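Each chain, written out:
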Amino acid sequence: MSELEVLRALLLVSVIVAPLGTRLLGELPSGWHVAHGVSVAAVGLGLFVLPWASTLWPVFCAANLAVFLWSRRRTLLTLPALAGGVPLAFSLVAATWIVGGTNDLGILGYGPHFSFYAALHGNVLGWMLVGAIAALATREGPRQRLYAITVFVCFVSFLLVAIGIDQVRAIKPVGVAGLTLAIPLAQLAFLAEVRSHRAAFTAGLVSFLGLVCTLVLAWQNELAAPTLGNVAGVRSMVSVHGVVNALVTAPAMMLAVYLRDRR
């Protein structure tokens, strides 16, 4: 399997799983699951058969954001509402890169590989992982402000990484450092909060350990240190870092928040 095929498969998983985190932000309208299923099918077609079909995905993401904004219209400028909107903003950015990659639009001069990298980061880290923390920021509690601040730090850090990749390389490590500190600290705060809830704690711990492993790999790559190299013919930043984050780290954190709420 080539690296591009792995990226396509991970993207398809991310568009299936990431929107489920929207449930953590509030009630979903009737027919949402049907719209999600149709949109996922469109992305699948776009990735493997009909590139133009992926253009339906940004519409779905924009509709999600619109529903959220409407539901919070009376408290839109409060810290929890603003934090809750951040992962949905990430979803729109990722959707743009999905369309750009499937149709080879050359956004900012980049081809499908980079476009899919960017889309995966937007979906997995932005929509799923930061989204789970954003959901916590919408719940009243002693750590609510901490979770909200984490979301905004992650948002700024993502911007620094994006600008650092494309324009000012010196600020990219600053963004990576921001993500390295903010997300694990929020996860540790969450683990302390749910330490008596075995299921939520276990899921949160799995997510935390997965993130630590992938962050080590990310910093090795950032510092040009020796890494795992290729795994099954695919660079470890995709075959390990990408796979673990998409299939373990982010989904486990979403599950942990869901289990916490069920309690």
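Quantities reported herein were computed from a predicted structural model and do not represent experimental measurements.

Even after reading the chapter, I still don't get the environment of Trp-52, so can you show me in this structure?
On the secondary structure map, Trp-52 appears in the loop between helix 2 (32–48) and helix 3 (56–71). When its relative accessible area of 57% is taken as the criterion, Trp-52 is described as exposed. As for Trp-52 and Leu-185, which are separated by 133 residues in sequence, their C-alpha atoms are 40 Å apart.

Teacher, can you tell me more about the pattern of salt bridges here?
When charged atoms on two side chains of opposite charge get close, those side chains can pair. Within the structure shown, the criterion is met by three salt bridges. Ionic pairing is found between Asp-261 and Arg-139, a salt bridge with its closest N-O pair at 2.4 Å. Residue Asp-261 is located in helix 9 (residues 236–262), and its partner Arg-139 is located in the loop between helix 5 (112–137) and helix 6 (144–166); the two are separated by 122 residues in the primary sequence. For Arg-139, a relative accessible area of 18% translates into the label buried. For Asp-261, the salt bridge identified is with Arg-260, shortest N-O distance 3.0 Å. Asp-261 sits in the partly exposed class, given a relative accessible area of 32%. Taking the relative accessible area as the measure of exposure, Arg-260 reaches 16% and is therefore buried. Three or more residues joined by partner-sharing salt bridges are found here, namely Arg-139, Glu-193, Arg-260 and Asp-261.

Can you walk me through helix 2 in this structure?
It helps to recall that an α-helix has 3.6 residues per turn; residues three or four apart then point in one direction. In this model helix 2 runs 24 Å from its N-terminal to its C-terminal C-alpha over 17 residues, within 8% of the 24 Å that 1.5 Å per residue would give. Where helix 2 is concerned, the buried positions are Trp-32, His-36, Ser-39, Val-40, Ala-42, Val-43, Gly-44, Gly-46 and Leu-47. Its buried side turned inward, helix 2 meets helix 1 (3–17), helix 3, helix 4 (79–102) and helix 5.

Scoring rules and cut-offs
Residues numbered from 1 in each chain as written. Predicted model: local features only at pLDDT ≥ 70, side-chain atom pairs only at ≥ 80, totals over all residues. Heavy atoms only, no water. Helix = DSSP H or I, 4+ residues; strand = E, 2+ residues; numbered from the N terminus. Buried < 20%, exposed > 50% of the residue type's maximum accessible area, 1.4 Å probe, protein only. Salt bridge = Lys/Arg side-chain N within 4 Å of Asp/Glu carboxyl O. Expected span 1.5 Å × (residues − 1). Contact = heavy atoms within 4.5 Å.

That's the geometry; what it means functionally is another story.
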